[in-house]
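Residues per chain are reported as follows:
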Amino acid sequence: SNGFCVFVVFKSTNIDNGWNDIIGNSSAVSSGFGLRYSNSGSLKAYLGGKVGNGAGIEKGNKVVLAFNYNSVLGEFEFWDSKSKSTLTASISPADFSLTDEVTLGSTTNNDRYFQGYIGELKIFNRTLTKENFKEEQNHLYFKWVANNVEKDPPNPNPAAFSIPPKGISGNLITMTAATGT
């Protein structure tokens, strides 16, 4: 493999308990891989002792994290939807797998667990090209964060329409609502 790539979309319900490990194979920054945030909300990505810091998050907001490790170039990229910026760090190519498996919601320290919701998780067993990495960031950002609105469709009250809905053709319906409804 030429590396790996991870995307995770989450919404925190608590940021008050120290470090909150979202995904990784070690809580030790010096040895493994991990994505997490602190009790102040600051984001952190780490791989084999190299650390990338991201923006601060707030409880209840949806966040996309993206991590792309390229073992050929000896670098990783860390992007977060809060700052919308990418941090790149150089790191010597290595095998960062440990005896502990990659886990979601916690790593090797049971006192550092994530409290919240995971909306989507994508793990690739290869690095993505810079173009594909950016495309996936944009896709997840616009899917989960940009609108920050509920996905439920509207439920109009038929009595509020000044003219009842009527079919025009097999796939077109017209509706006119009274002003302010």
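Residues numbered from 1 in each chain as written. Predicted model: local features only at pLDDT ≥ 70, side-chain atom pairs only at ≥ 80, totals over all residues. Heavy atoms only, no water.

So, about the sheet that holds strand β1 (residues 3–12). Taking strand neighbours across the sheet as the criterion, the five strands line up as β8-β7-β6-β1-β10 in an open arrangement whose pairing is antiparallel. With one partner strand each, in any of the chains shown, β8 (85–90) and β10 (116–124) form the two edges of the open sheet. On average, each strand axis in the sheet is tilted by 15° relative to the strand beside it, whichever way the strands run. The pairing of β1 with strand β6 (residues 62–70) spans nine bridges and is classified as antiparallel. Bridging from a neighbouring strand, V9 pairs with V64 of β6. Contacting β1, β6, β7 (75–80), β8 and β10, helix α1 (residues 130–145) crosses the sheet at an angle of about 170° to β6. (Pairing = 2+ DSSP bridges. Helix = DSSP H or I, 4+ residues; strand = E, 2+ residues; numbered from the N terminus. Axes fitted to C-alpha atoms, helices over the stretch in contact; angles between N-to-C directions. Contact = heavy atoms within 4.5 Å.)

To continue, consider the pattern of salt bridges. Across all of its chains, the model carries six salt bridges by this definition. Here E75 makes a salt bridge to K130, at a shortest N to O gap of 3.1 Å. Placement of E75 in strand β7 and of K130 in helix α1 is noted, with a sequence separation of 55 residues between them. Overall, E75 belongs to the buried group, its relative accessible area being 15%. Among the ionic pairs, E120 bridges to K143, the shortest N-O distance being 2.8 Å. Residue E120 is located in strand β10, and its partner K143 is located in helix α1; the two are separated by 23 residues in the primary sequence. (Salt bridge = Lys/Arg side-chain N within 4 Å of Asp/Glu carboxyl O. Buried < 20%, exposed > 50% of the residue type's maximum accessible area, 1.4 Å probe, protein only.)

It is worth spelling out a nonpolar patch on the surface at this point. Where nonpolar side chains cluster on the molecular surface, the patch consists of L104, I118, L121 and I123 and spans about 320 Å² of accessible area. A per-element tally of the nonpolar patch places β10 first, with three residues. (Patch = residues over 30% accessible without salt bridge, like charges linked within 9 Å, V, L, I, M, F, W, Y side chains within 5 Å. Areas by Shrake-Rupley, 256 points an atom, 1.4 Å probe, with all protein chains shown as cover.)

Turning next to unusual backbone geometry. One non-glycine residue with positive phi stands out, namely K84, at about 55°. The residue K84 is located in the loop between β7 and β8 in this model. On the accessibility criterion, K84 (49% relative accessible area) is partly exposed.

Glancing now at α1. With 16 residues, α1 extends 21 Å from end C-alpha to end C-alpha; this agrees with the ideal 22 Å at 1.5 Å per step. Among all positions in α1, only F133, E136, Q137, L140, Y141 and V145 are buried. For α1, the arc enclosing every buried residue in end-on projection is 130°, short of the 170-degree limit, so these residues lie on one face. Pointing more than 90 degrees away from the buried face of α1 are the exposed residues E131, E135 and F142. Packed against the buried residues of α1 are β1, β6, β7, β8 and β10. (Expected span 1.5 Å × (residues − 1). Arc of directions from axis to C-beta.)

Spatial relationships are all this shows, so hold off on functional conclusions.
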